[in-house]
Amino acid sequence: DVKVTQSSRYLVKRTGEKVFLECVQDMDHENMFWYRQDPGLGLRLIYFSYDVKMKEKGDIPEGYSVSREKKERFSLILESASTNQTSMYLCASSLGTGSYEQYFGPGTRLTVT
Amino acid sequence: TQLLEQSPQFLSIQEGENLTVYCNSSSVFSSLQWYRQEPGEGPVLLVTVVTGGEVKKLKRLTFQFGDARKDSSLHITAAQPGDTGLYLCAGYRRNAGNMLTFGGGTRLMVKP
């Protein structure tokens, strides 16, 4: 089974702090994704990566950056956290080109106060 | 306006009832996935449908992909409290890279 793990289930940070969310997958998947999920807004794609050191902006990249130094690890960075970034953050991975089934981690519930 | 519209948004039923959730679009998708998400967890893939008109069954769950590959439905027979959760449909289009388009979700509660 594909396993996607996220570094924290719950995180509380203060406004202005730099926040790192880590995601690791163990199935040698090429593609990795970061979403945020908010009530009434569904899943929104922040960034995705289709290869090491490659990244593409999703629908809502503002205020976020990502890093993919190794194939299995995809990090989401909030440079200066703001209260409107309080959300559920979900990481996902998929096999490769033409493979559309995504496998999700358990999510990180981030609260910015 | 979301590319994939799910209805209903909320559904509260008694154990043993049947229900259908719809996922509609004006766009054609190469494939469509259904996920279930329990509170505090990530979505879990239930099924992928690829061919227009395709029907797949997963125990009491029946998934159908529309003939024109623009819509899909999920039917649950004799719902159980364990079916409670958020059901998400997600569509894949070949010209959209490796990204999925997600519907807004249907939140189902099955009361014992």
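To be clear, the structure that these remarks concern was listed above.
Residues numbered from 1 in each chain as written. Chains lettered and ligands numbered in written order. Predicted model: local features only at pLDDT ≥ 70, side-chain atom pairs only at ≥ 80, totals over all residues. Heavy atoms only, no water.

1. Quick look at unusual backbone geometry
Step number 1: The omega torsion of the bond from Ser7 of chain B to Pro8 of chain B falls at -10°, within 30 degrees of zero and hence cis.
Step number 2: Its identity as a non-glycine residue notwithstanding, Asp28 of chain A has a phi of 60°, on the positive side.
Step number 3: Residue position: Asp28 of chain A is located in the loop between strand 3 (19-25) and strand 4 (31-38).
Step number 4: Its relative accessible area of 53% is what places Asp28 of chain A among the exposed residues. (Helix = DSSP H or I, 4+ residues; strand = E, 2+ residues; numbered from the N terminus. Buried < 20%, exposed > 50% of the residue type's maximum accessible area, 1.4 Å probe, protein only.)

2. Topic: the nonpolar core
Step number 1: With 21 residues, the main nonpolar core has Leu19, Leu32, Trp34, Phe63, Leu74, Ile76 and Leu108 of chain B as its most contacted residues.
Step number 2: Going through the elements one at a time, strand 3 (19-24), strand 4 (31-37), strand 5 (44-49), strand 7 (61-65), strand 8 (71-76), strand 9 (85-92) and strand 11 (106-111) of chain B are the ones with two or more residues in this core.
Step number 3: The residues contacting Leu108 of chain B, other than those within four sequence positions of it, are Leu11, Ile13, Leu19, Ile76, Asp83, Thr84, Gly85 and Tyr87 of chain B.
Step number 4: Counting 20 residues, the second largest nonpolar core, distinct from the first, contains Met32, Trp34, Phe74 and Ala81 of chain A. (Core = buried A, V, L, I, M, F, W, Y, C linked by side-chain atoms within 4.5 Å. Contact = heavy atoms within 4.5 Å.)

3. Looking at the sheet that holds strand 1 (residues 5-7) of chain B
Residues and elements named next belong to chain B.
Step number 1: Here we have five strands laid out as an open sheet, ordered 1-3-8-7-6, and antiparallel in their pairing. Either end of the sheet is taken by a strand with one partner, and the two such strands are strand 1 and strand 6 (55-58). Looking at each pair of strands side by side, their axes are set apart by 15° on average, direction ignored.
Step number 2: As paired strands, strand 6 and strand 7 are joined by four bridges and run antiparallel to one another. The residue bridging Val55 from the neighbouring strand is Gln64, located in strand 7. (Pairing = 2+ DSSP bridges. Axes fitted to C-alpha atoms, helices over the stretch in contact; angles between N-to-C directions.)

4. What to know about the packing of aromatic side chains
Step number 1: Applying the stated criterion across every chain, the model contains nine aromatic pairs over all chains.
Step number 2: For the ring pair Phe33 of chain A and Phe48 of chain A, a centre distance of 6.0 Å and an interplane angle of 20° mean the geometry is stacked. Here Phe33 of chain A, found in strand 4, pairs with Phe48 of chain A, found in strand 5 (residues 42-49); they are 15 residues apart in sequence, far enough to count as distant.
Step number 3: Their ring planes at 75° and their centres at 6.0 Å tell us that Phe104 of chain A and Phe102 of chain B sit as a pair that is edge-to-face. Of this pair, Phe104 of chain A sits in strand 10 (residues 103-104) while Phe102 of chain B is found in strand 10 (residues 100-102), placing the two residues in two different chains. Each member of the pair, Phe104 of chain A as well as Phe102 of chain B, carries the same accessibility label: buried.
Step number 4: Of the aromatic side chains, those joined through ring pairs into one cluster are Phe33, Tyr35, Phe48 and Phe104 of chain A together with Tyr35 and Phe102 of chain B. (Phe/Tyr/Trp six-rings, centres within 6.5 Å; stacked < 30°, edge-to-face > 60°.)

5. Focus: the sheet that holds strand 1 (residues 4-6) of chain A
All names here are of chain A.
Step number 1: If you walk across this open sheet you meet the four strands as 1-3-8-7, and the pairing is antiparallel. Two strands bound the open sheet, and with one partner strand each, they are strand 1 and strand 7 (64-70). Strand-to-strand twist of the sheet, defined as the mean angle between neighbouring strand axes without regard to direction, takes the value 20°.
Step number 2: As paired strands, strand 7 and strand 8 (residues 73-78) are joined by five bridges and run antiparallel to one another. The partner of Ser65 across the bridge, within strand 8, is Ile77.

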